[in-house]
Amino acid sequence: LGYMAGHSRYLRFDNVGSGQSERAERDIDFATEARDAAAVADAAGYDRFAGVSFSGGCLPALHFAALFPERLTRLAIVGGYVEGRSRRSAAPPPDVLKGMIAEGWAQPASAFASAFVTSYFPEGPKEAADQVLRQMQAACPPDTMLRDRDAINNASVLHLLDKVRCPVLILHGRDDAVHPLSQAQKLAAGIPGAELVVLETANHVPLYGNACWDSYNRTLAEFLTG
């Protein structure tokens, strides 16, 4: 979001149980998370605004778009999906990434945690991917990560797609192995008027220093400020 830093305000919030929020456990419900986002926006004085969601953040973001259509001017979805991995086939494969979390998330230098982040960012750069890993480990304890993983694996937002009324831009890596391009195509097909931009990367979300970083940022900024 560096391209917009000079002329836009950027509000980011932590879900309950992660980041700087209280370490309280509650049932994971994406509609509740959407209402939490609305409450944070209210407290910060945001009435109508553009939204950006990354990866599993598209689940509460799409609930927000359906629940509060009058508040979103537009929505960008980066690395998003319609259905979690457990819903994509009759016999889904084991979640190897969940095993990596269970084995090594609490250990800063764990090879399992490093393998987890490499699966999301195979193109690196390594320094940027390692920074993301450190931030994620600090923000989200292992138990919360595992509960989140179960929730997103079993989630579906298919029923919400035709309720989204704001302009939507979907950005997705062509060779993303975490959530395949077909999931982004399904998002674009279900959301009225949505635009899909395919990024030439295998990273789940572009990182600073990645070959597509500049074009990704320009595309996102032009959409959000357009």
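Use the structure listed above.
All values derive from a computational prediction rather than experimental measurement.

**Section: the side chain of histidine 172**
The residue histidine 172 is located in strand S3 (residues 168-173) in this model. Looking at histidine 172, the relative accessible area reads 0%, which means it is buried. Side-chain polar atoms of histidine 172 contact the side chain of aspartate 176, separated by 3.4 Å. In terms of polar contacts, histidine 172 uses its side chain to reach the backbone carbonyl oxygen of histidine 179, at 2.6 Å. Histidine 172 has contacts with Gly79, Gly80, His179, Pro180, Leu181, Ala184, Leu196, Val197, Val198 and Leu199, leaving out every residue within four places of it along the chain.

**Looking at the packing of aromatic side chains**
Evaluated as defined, the whole model comprises 8 aromatic pairs. Note on phenylalanine 64 and phenylalanine 68: the rings are 5.0 Å apart at their centroids and 50° apart in plane angle, and the pair reads as tilted. Of the two residues, phenylalanine 64 and phenylalanine 68, both sit in the buried class. The structure contains a cluster of three or more aromatic residues connected by ring pairs, namely Tyr46, Phe49, Phe64 and Phe68. Geometry around phenylalanine 223 places arginine 74 over its ring, the cationic atom sitting 5.0 Å from the centre.

**What to know about the sheet that holds strand S4 (residues 195-199)**
Read across the sheet, 4 strands follow the order S1-S2-S3-S4 without closing on themselves; strand pairing throughout is parallel. In this open sheet, the two edge strands, each paired with only one partner strand, are strand S1 (49-54) and S4. Put simply, the sheet's adjacent strands are angled 15° from each other on average, direction ignored. Pairing geometry for S1 and strand S2 (residues 72-78), over 6 bridges, is parallel.

**Here's the deal with the packing of helix H1 (residues 30-44) against helix H2 (residues 58-67)**
In contact at an axis separation of 8 Å, H1 and H2 are set at 70° when each is read in the N-to-C sense. Taken together, H1 and H2 sit at an angle that is classed as roughly perpendicular. Contacts between H1 and H2 involve Phe30, Ala31, Glu33, Ala34, Arg35, Ala37 and Ala38 on the former and, on the latter, Leu59, Pro60, His63, Phe64 and Leu67. Considered class by class, the residues forming the contact of H1 with H2 number 9 nonpolar, 1 polar and 2 charged.

About the criteria used
Residues numbered from 1 in each chain as written. Predicted model: local features only at pLDDT ≥ 70, side-chain atom pairs only at ≥ 80, totals over all residues. Heavy atoms only, no water. Helix = DSSP H or I, 4+ residues; strand = E, 2+ residues; numbered from the N terminus. Buried < 20%, exposed > 50% of the residue type's maximum accessible area, 1.4 Å probe, protein only. Polar contact = N/O pair within 3.5 Å; in protein donor to acceptor, adjacent residues only side chain to side chain. Contact = heavy atoms within 4.5 Å. Phe/Tyr/Trp six-rings, centres within 6.5 Å; stacked < 30°, edge-to-face > 60°. Lys NZ or Arg CZ within 6 Å of the ring centre and 35° of its normal. Pairing = 2+ DSSP bridges. Axes fitted to C-alpha atoms, helices over the stretch in contact; angles between N-to-C directions. Parallel < 35°, antiparallel > 145°, perpendicular 65-115°, else oblique. Nonpolar A, V, L, I, M, F, W, Y, C, P; charged D, E, K, R; others polar.

The values are spatial; any link to function lies outside them.
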